[in-house]
Each structure stands twice: as C-alpha cells, then as structure tokens.
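# Report on the structure
The residues making up each chain are set out below.
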Amino acid sequence: MMEKWSNESDELRARFAAVEENYKQICDTIARAAQNSGRSPEEVTLLAATKTVPVEVINHAIHLGVRHIGENRVQELLEKYDGLDKENATLHFIGHLQTNKVRQLVGAVPRVKMIQSVDSAKLAAEISRLNQKYGANTDVLIEVNIGREENKSGIPPEALDELTDEIRRMKGLHVKGLMAIPPVCENKAELEKYFTQMHRLFIDIGQKTMDNVTMDYLSMGMSGDYELAVQCGSNMVRIGSALFGARIYR
C-alpha cells in the first residue's frame, strides 16, 4: 500500500509540475496574441476545460491562478463538485446539455455560474423555469454552429438574432455572449475565416443594445487554435490538453 501511495504521489507531483509549465506558456501566448490584436492580456479569460482531469489537478491549476473551469458532462461535474475549490474559481458547463439534465446544474442547487452551450429556446426555457421556481439566475452563452456541421450542436448564424431575442425575454437567465467550435480546418486562413465571422456576429449583436443581453464573452478557441482565436477577437478560450496534457480515459 505504501509503495502504491508513493507511486501515485510521484505521478501527481510530475503532473503538477507539467501543469505549472503549461500554464506559464499559455499565459505568455495569450498575452502575445492579445497584444497583437491591440488588447490588454487582462481582457482575455482563460477557462480550463477539465474533462477527465482529476480534482487534485484541477485544484492545483486553480492554485496557480486559473479562475474559470468548465466541464463537458453533467455526471462528471457532479462527481467532482464537492471536491473542487469553488471559492477561488467559477464553474461553467461547456458541453452539449439535454433539457432533462438542466435541474442538476441550476435551480434549487445552482452548481454552475454559466452554461455556454445554449442552442435552443427549449433549453433556455427550462433553465428559466427552474431558476424562476427557486429564485436563481444563470449566465448563458448562445452556441453558434459557425461551420454549419450536422454532427455539432449550435444554431446556424442566420438564426442567432431570432433566438437571442427570444431568450433575452426569459426570466432567470442573462445572455452574456456567444460560444462556438469551428470546424477542423486544413489551413490557418480557413480557420481564421470562421473566427472572424464569429467576431462579426458578436459585434453585431452587441451593437443592438437589447435588454438582458450583454456581449461580455466571445468564447472560442481551444488548445490547438486559441492563439489565432484571440488574435481574431476571442476574449475567452477553453483550454484542456494544452494545460493538463493528453486526456487519460480510465
């Protein structure tokens, strides 16, 4: 037992050290990309995508300065919830969300501050219903399927105005911005096109000055493309493997 504990401790220490180095590199990259786009690094929020990452490693990232963490799966979020350092980090849900799972995230026991993957009026209405019942509020981002991919969630760009107008009238939630996952692209120019399109939608919605809508966050860019995303206007990047290493499925 002692040998097993020692091995696990060594593995954990090595992972902590890797996260520390990765975090420094990510912060440097974000700072450079922000400056290249004429912004301060402080204007860009790093969200740690923690799918499959152990609680101890997540809390170490929070100790280093990560202030936003995001989970993709409701069950995994629930399993980790009690052990997370929630006093020093805000919890987001960033994966596809079914309406029958909403009650596990909001309402009587609000477990997340923000749901980034709202892609229908039906889903928003369920968030609103539960929050009104319990006197709670949830920040939401509207997910846009910028590449119009059939296998991805999100609304097509042309449906954004209508859905935003519908959701903003619902009580118990606040529209705080947009989220997108662009298609896998063969070259940088193609990817940049999608990021630029998303930034244009973000600006257009923000200029409409609608009640209960504040375009505070454009959440786009992940481990493989966050530098370009920031250069194209993203102010929230969702980074998993570049911070924590390759996912380990058990």
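See the structure shown above.
Residues numbered from 1 in each chain as written. Predicted model: local features only at pLDDT ≥ 70, side-chain atom pairs only at ≥ 80, totals over all residues. Heavy atoms only, no water.

### Quick look at the pairing of strand β1 (residues 45-49)
Formally: For each residue, the accessible area found with a 1.4 Å probe, counting protein chains only, is set against the maximum for its type, and the residue is called buried under 20%, exposed over 50%, and partly exposed in between. Numbered from the N terminus, helices here are DSSP runs of H or I no shorter than four residues, and strands are runs of E no shorter than two. For two strands to be treated as a pair, DSSP must find no fewer than two bridges joining them.
Extensive coverage of β1 is indicated by the burial of 5 of its 5 residues. Across the two faces of β1 the burial is the same, with T45, L47 and A49 and L46 and A48 all buried. Direction of pairing for β1 relative to strand β8 (residues 236-239): parallel, over a ladder of 4 bridges. Bridge pairing in β8 links L47 to R238.

### Here we look at empty space enclosed by the protein
Counted only if it meets this: Think of a 1 Å grid over the protein atoms and nothing else: a 1.4 Å probe that fits but is trapped marks a cavity, an open set flanked by protein within 12 Å on at least five of seven lines marks a pocket, and residues with an atom within 4 Å of a point count as lining. Grid points are joined across faces, edges and corners, and a volume is the space filled by probe spheres set on the points.
The tally for this structure, following the rule as stated, stands at 1 cavity of 30 Å³ or more. Empty space within the largest cavity amounts to approximately 50 Å³.

### What to know about the layout of surface pockets
Using the following cut-off: Charged residues are taken to be Asp, Glu, Lys and Arg, nonpolar residues to be Ala, Val, Leu, Ile, Met, Phe, Trp, Tyr, Cys and Pro, and polar residues to be all remaining types, Gly included.
Here the second largest pocket defines a volume of roughly 320 Å³. A49, N72, I94, M222 and R247 are the residues nearest the centre of the second largest pocket, which is lined by 13 residues in total. A class-by-class count of the residues in the lining of the second largest pocket yields 4 nonpolar, 5 polar and 4 charged.

### Side note on helix α2 (residues 55-64)
Among the residues making up α2, those that are buried are V57, I58, H60, A61 and I62. Among the residues trailing α2, G65 stands out with phi positive, at a value near 135°.

### Details of the nonpolar core
Among soluble globular proteins, nonpolar side chains are generally buried collectively. Worth spelling out the cut-off: Nonpolar cores were defined as sets of buried Ala, Val, Leu, Ile, Met, Phe, Trp, Tyr and Cys residues, with membership established by side-chain atoms within 4.5 Å. Note on contacts: a residue pair is in contact if any heavy atoms of the two residues lie within 4.5 Å.
With 69 residues, the main nonpolar core has L178, M198 and L243 as its most contacted residues. Per-element accounting of this core gives the leading share, 7 residues, to helix α6 (residues 188-206). Every residue in contact with L178, bar those within four places of it in the chain, is listed here: L141, I142, L160, M198, L201, F202, M215, Y217, L218 and S219.

### As for the pairing of strand β7 (residues 213-219)
Here is the rule we go by: Look down the strands so they point away from you; if the path from the first strand over the helix to the second goes clockwise, the crossover is right-handed.
Taken together, the 4 bridges between strand β6 (residues 173-180) and β7 define a ladder with parallel strand orientation. Residue pairing in the sheet places L178 in a bridge with L218 of β7. Between the parallel elements β6 and β7, the chain passes through α6 in a crossover that is right-handed.

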